[in-house]
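Here is how the chains run, residue by residue.
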Protein chains: 2
Amino acid sequence: MPSATPHYDALSHRYTRIHRFNHLQQIAYWDLAANMPPKGHAARADALAEITGLLHQMRTDAALGEQLAAAAAEPLDALQAANLREIRRQWLTATALPQALVEQRSRVTSACEHAWRQQRPANDWAGFLPNLEAVLAVTRECAQRLSDATGLAPYDALMDQYEPGTTSAQVESVFTDLRTWLPGLIQRVADKQSREAVLSPHGPFPVAAQRALCERVMGLLGFDFDAGRLDVSAHPFSGGVPEDVRLTTRFREDDFLQSLMGTVHETGHGRYEQNLPRALLGQPVAEARSMAIHESQSLAFEMQLGGHAGFAALLSPLLVEAFGDQAAFMPGNLHRLLTRVKPGLIRVDADEVTYPAHVILRFDIERALIAGEAEAADIPALWDASMQELLGIDTRGNFTDGPMQDVHWPEGMFGYFPCYTLGAMYAAQWFAAMRRQLPELDARLMAGDLAPVFGWLKEQIWQQGSRWTTEELARRVSGEPLNPAHFRAHLEARYLG
Amino acid sequence: MPSATPHYDALSHRYTRIHRFNHLQQIAYWDLAANMPPKGHAARADALAEITGLLHQMRTDAALGEQLAAAAAEPLDALQAANLREIRRQWLTATALPQALVEQRSRVTSACEHAWRQQRPANDWAGFLPNLEAVLAVTRECAQRLSDATGLAPYDALMDQYEPGTTSAQVESVFTDLRTWLPGLIQRVADKQSREAVLSPHGPFPVAAQRALCERVMGLLGFDFDAGRLDVSAHPFSGGVPEDVRLTTRFREDDFLQSLMGTVHETGHGRYEQNLPRALLGQPVAEARSMAIHESQSLAFEMQLGGHAGFAALLSPLLVEAFGDQAAFMPGNLHRLLTRVKPGLIRVDADEVTYPAHVILRFDIERALIAGEAEAADIPALWDASMQELLGIDTRGNFTDGPMQDVHWPEGMFGYFPCYTLGAMYAAQWFAAMRRQLPELDARLMAGDLAPVFGWLKEQIWQQGSRWTTEELARRVSGEPLNPAHFRAHLEARYLG
């Protein structure tokens, strides 16, 4: 019997093939970051550019436009219709960028990221700048092309790749509100915490013990090691594919908390990927919803759970086991350490109260860069001015821990940063909904039982994939669209309560 | 100015793209063996099948036949002409196999290899058999298709993929000669060695120390760690790409020599790849000549160098450093250990005297399987009969160290095994030529100076890539085609001299 949905079937088959080629691209990318020796770089960059070009070709094939129109008239069920919506969205974005531009972007970002790995520790801004200029030039061209195709403003069109449906006007409105209360909150928390005694753990903390601890905590957090790994890279990330999730971290002998909490963050990403729906796996509808939703999972783990007193109680005996007994590892002290608020240079190490300041800074700079109101060479001055204003920190001459600290710009990921703070807000919104639905939640967490959180996230978020738009998803699981009030309430309750 | 060689240029461009996709395939394959968690298998098998299909499509495109004919009439230099010869050879082989068959082969071999990784340690022949039957069925079909296209007999057509130009009649003739003198030689060596005292090293040998030792020895052997790595896999192999060579080994705490000498073997492969010509890199003419020539490099390292008294003298202090002082690590005793002849179950652990017996066994079984004169279920009985006849060993019931010991059959690499013994013969021929050209060679090796060997191999073999056919290469560097007399002379001089 012939299929009643031949056009949909053809699209679906194409996306199954795309999923497989994407698998190779993801593993090759992870390998580049985690394993590749330095002389392998040029060949890897060429290989990644080649497959990026092939994937682009498959997503923009001339036949797709007609297939999409014809499939829309076929008798699709609700899941298939949602899949078609996602395929159309990807197609609109992909066709905006010509093949040569996509390949060029892959090449300049590979070159920039590769050189950055050496330049960052060397504080070599002068060496980094020409590579970043090349990345910025290609990113501006992509932004303009995406803008032409979508009707969004250029920066909004970049953001739309990561968080579809959210505009910079919305982000601006949320961030404007944040600016009104965040500095005051940071000050009040600092005052309150200045009266608390906190013991610092004393090292060194051997790397082997740190690695074993990280894997132990990932296990507690439900990570499936039969379907993923933890390795080391210069910039921690969550990579691989839903069937084989590759998390990375980095270790310092003098501090275990950074790598541990970084690992907890990536584990949130990893569990989302490992628990995406298996029905229609390989199709866009079975992929993670968006990057803000992804970050809402990593921050649900790192901040919502990691800053909970119940988590500190769970962690305490594991630290004693890993590093020996220290007064700093007592649950109460550990909880104070994990909720310590202190303005700092590094975004990924920031506490959840000062974190939004880092994102506001990058959002402001990126918009200026894409609008052509600033050039790459202007970044250090803009950076320093914002750090002074938002966090009272002098960053002059420190590029390593300043504008070179993140992999995002070397990789051309302009428009991504807002997702972190949107994610923090969604995470607070999810926990508020969880507490309404499960009034015993905090008691369960205090008893060391994290299962209710994982059960809720799995059912409400992970298993939904991209079935709903971000706004629909938020309404379904929490009864409302993004509401930043939950984030503020969370911070005030945790840090001033 | 338009190119004078537009058709050649188009072919060359296609092969540059093939080189890049092949890069991704090789890294994904290495990752599967070295890193991949078990639940990642199905997705990886699908992804590898997809890119295998794509590569097959690119090598068999309908436009290629005409381009090849037109390029042959273009004004090519000698290197380009050699490249065109190699492209035509690959095209003839590739077009023999339909796309669906190539993808099916990738799937059944992935499934068989994956299951074998658990089944081998469990001695689970019954579980392994149906997978192997599927591999054999698809291999027979490939052999028939290749035979139809090349005019070679089916098994010869399989061999031709690994060692072009060598027929099973030639191999049979060499092996028939071997059978006449090898058992007698093994007996005489055993008698001689039974009168020598050899001390065994006593373990355990911690894995971390073994790994450091292996890397140290790879460094002595000239491996470039900026362009490659050493990792662990169930079955050691040399993978990756010329620009980024991935070697693997496996460690046992009770024995360091297996993994060390396995690593020396793979390092020979690795140096060949790392030193292939960079001119025309990515083109077939810049690839390794053939698998027998590849094995001639690994065996030049493992056997010709590894069994030399100068190598034992170099190694001795490194062993003391790695594991502490033992009488067994004295140079003389170490040399006796490294040249110990003892019939055993495992091919990869065999000494160079008994090794050919393992290859003859597999050659006989493979030819019977491909000819349809035997089925997969018959292998254990055939195996045991041959092991009894050739090495006097009873293998009944031991599948782990019997027919399940190698990855070749799970991977469908029928026709490969003869390359090992051809390689051992070529390696002996190279060293005989080296000694004629460098009379001081052994004195230099005894003084711990391996550079003359590497210099000769680099210039004569590695840098030649596939510029010459195997026979032309042998004539150029040693003055004659394959001459097994050098192998016999080498064994008699080393073991009875």
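In this report, we go over the structure that sits alongside the text. (Residues numbered from 1 in each chain as written. Chains lettered and ligands numbered in written order. Predicted model: local features only at pLDDT ≥ 70, side-chain atom pairs only at ≥ 80, totals over all residues.)

Before going further, it helps to spend a moment on the relation of the copies chain B and chain A. Between chain B and chain A, the superposition needs a rotation of 180° and an axial shift of 0.0 Å, giving an RMSD of 0.0 Å. Taken together, the rotation and translation relating the two chain copies correspond to the operation of a two-fold axis. Every residue of chain B has its C-alpha some distance from the rotation axis, and the shortest such distance is that of B:L24, at 3.2 Å. Both copies present the same face, since 100% of the interface residues in chain B are matched by interface residues at the equivalent positions in chain A. (Least-squares fit on C-alpha atoms with pLDDT ≥ 70 in both. Contact = placed C-beta atoms within 7 Å.)

A separate point is the sheet that holds strand β3 (residues 244-249) of chain A. Residue and element names in this part refer to chain A. Strand order across the open sheet formed by three strands is β1-β3-β2, with mixed pairing between neighbours. Of all the strands in the sheet, the pair left with one neighbour each is β1 (228-232) and β2 (238-241). Each strand of the sheet is rotated relative to its neighbour by a mean of 20°, with strand direction disregarded. Here helix α10 (residues 257-274) sits on the sheet and contacts β1, β2 and β3; the angle it forms with β3, its principal contact strand, is near 165°. (Pairing = 2+ DSSP bridges. Helix = DSSP H or I, 4+ residues; strand = E, 2+ residues; numbered from the N terminus. Axes fitted to C-alpha atoms, helices over the stretch in contact; angles between N-to-C directions.)

As a further point, take the pairing of β3(A). Residues and elements named next belong to chain A. Counting buried residues in β3 gives six out of six residues, a clear majority hidden from the surface. Residues of β3 alternate between two faces, with D244, R246 and T248 on one and V245, L247 and T249 on the opposite face, all of them buried. Taken together, the five bridges between β1 and β3 define a ladder with parallel strand orientation. Each residue of the ladder has a partner; that of G228, found in β3, is V245. Note that β2 and β3 share four bridges and pair antiparallel. Residue V241 lies in a different strand from β3, and its bridge partner there is D244. Two successive antiparallel strands, β2 and β3, enclose a turn made up of two residues. (Buried ≥ 20, exposed ≤ 12 C-beta atoms within 10 Å, placed from the backbone.)

Residue-level contacts link 27 residues of chain B with 27 residues of chain A. Breaking the side of chain B that touches chain A down by element, the ones donating at least two residues are α1 (6-34), α2 (41-60) and β1 (228-232) of chain B. No other element matches the eight residues that α1(B) contributes to the side of chain B that touches chain A. Taken together, the residues of the side of chain B that touches chain A break down into 13 nonpolar, four polar and 10 charged. (Nonpolar A, V, L, I, M, F, W, Y, C, P; charged D, E, K, R; others polar.)

Let us look at helix α13 (residues 331-338) of chain B. If you check which residues of α13(B) are buried, you get B:N333, B:L334, B:H335 and B:L338. Residues of α13(B) that are buried make contact with α12 (309-323) of chain B.

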